[in-house]
Amino acid sequence: QVQLLESGGGLVQAGGSLRLSCAASGSIFSINAMGWYRQAPGKQRELVAVITFGIRTNYADSVKGRFTISRDNAKNTVALQMNSLKAEDTAVYYCNADVSPTYSSARYNYWGQGTQVTVSS
């Protein structure tokens, strides 16, 4: 089994910054892509940013230039640095990982429990 533990959410004023972190643990052989998604009230979950094992990144247009995703492959962690936050960034942010476990040749997708980010205007 694999667990993803997020931290770093909270309340911040518009224009401020927050850093989210996510640590994967458990029966991990390797982690392929890791990413962050978010879900605002009444809206569907959407991709915020994703990073591959080879450190290729992709961002939602709405966060380009403001958010930066990074990962530490040795520690199985991923982080999201969020700058110039806007009220519309308010959402629950979820960590996601595409994992090859030690006990199977298959790949499995895992989610964290979510962390609330609230940006006050």
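Residues numbered from 1 in each chain as written. Predicted model: local features only at pLDDT ≥ 70, side-chain atom pairs only at ≥ 80, totals over all residues. Heavy atoms only, no water.

### Some remarks on the sheet that holds strand S7 (residues 67–72)
Pairing is antiparallel across the open sheet formed by 4 strands, whose spatial order is S1-S3-S8-S7. Strands with a single pairing partner mark the edges of an open sheet, and in this sheet they are strand S1 (2–7) and S7. On average, each strand axis in the sheet is tilted by 15° relative to the strand beside it, whichever way the strands run. Both strand S3 (residues 18–26) and strand S8 (residues 77–82) contribute to a ladder of 6 bridges, which runs antiparallel. (Pairing = 2+ DSSP bridges. Helix = DSSP H or I, 4+ residues; strand = E, 2+ residues; numbered from the N terminus. Axes fitted to C-alpha atoms, helices over the stretch in contact; angles between N-to-C directions.)

### Points about the packing of aromatic side chains
Enumeration over the complete set of coordinates arrives at 3 aromatic pairs. Look at Tyr37 and Trp111: their rings are 5.0 Å apart centre to centre, the planes differ by 65°, and that puts the pair in the edge-to-face class. Note that Tyr37 is positioned in strand S4 (residues 28–39) and Trp111 in strand S10 (residues 108–111), a separation of 74 residues in sequence. Here the aromatic rings of Tyr94 and Trp111 are separated by 6.4 Å at their centres, their planes lie at 85°, and the arrangement is edge-to-face. With Tyr94 in strand S9 (residues 91–101) and Trp111 in strand S10, this pair connects stretches of sequence that are 17 residues apart. Relative accessible area serves as the criterion here: at 37%, Trp111 is assigned to the partly exposed category. Cluster of aromatic residues (ring-pair linked, three or more members): Tyr37, Tyr94 and Trp111. Sitting over the ring of Tyr94, Arg45 keeps its end group 3.7 Å from the ring centre. (Phe/Tyr/Trp six-rings, centres within 6.5 Å; stacked < 30°, edge-to-face > 60°. Buried < 20%, exposed > 50% of the residue type's maximum accessible area, 1.4 Å probe, protein only. Lys NZ or Arg CZ within 6 Å of the ring centre and 35° of its normal.)

### Quick look at the side chain of Asp89
Tracing the sequence through the fold places Asp89 in the loop between S8 and S9. A distance of 3.0 Å separates a polar atom in the side chain of Asp89 from a polar atom in the side chain of Arg38. Not counting chain neighbours up to four residues away, the residues in contact with Asp89 comprise Arg38, Arg66, Phe67, Ser84, Val117 and Val119. (Polar contact = N/O pair within 3.5 Å; in protein donor to acceptor, adjacent residues only side chain to side chain. Contact = heavy atoms within 4.5 Å.)

### Some words on the side chain of Asn96
Here Asn96 shows up in strand S9. A distance of 2.6 Å separates the side chain of Asn96 from the side chain of Asn109, its partner in a polar contact. At a separation of 3.2 Å, a polar atom in the side chain of Asn96 contacts the main-chain carbonyl oxygen of Tyr110. Every residue in contact with Asn96, bar those within four places of it in the chain, is listed here: Leu4, Ala33, Met34, Gly35, Tyr37, Asn109, Tyr110 and Trp111.

Keep in mind these values describe shape, not function.
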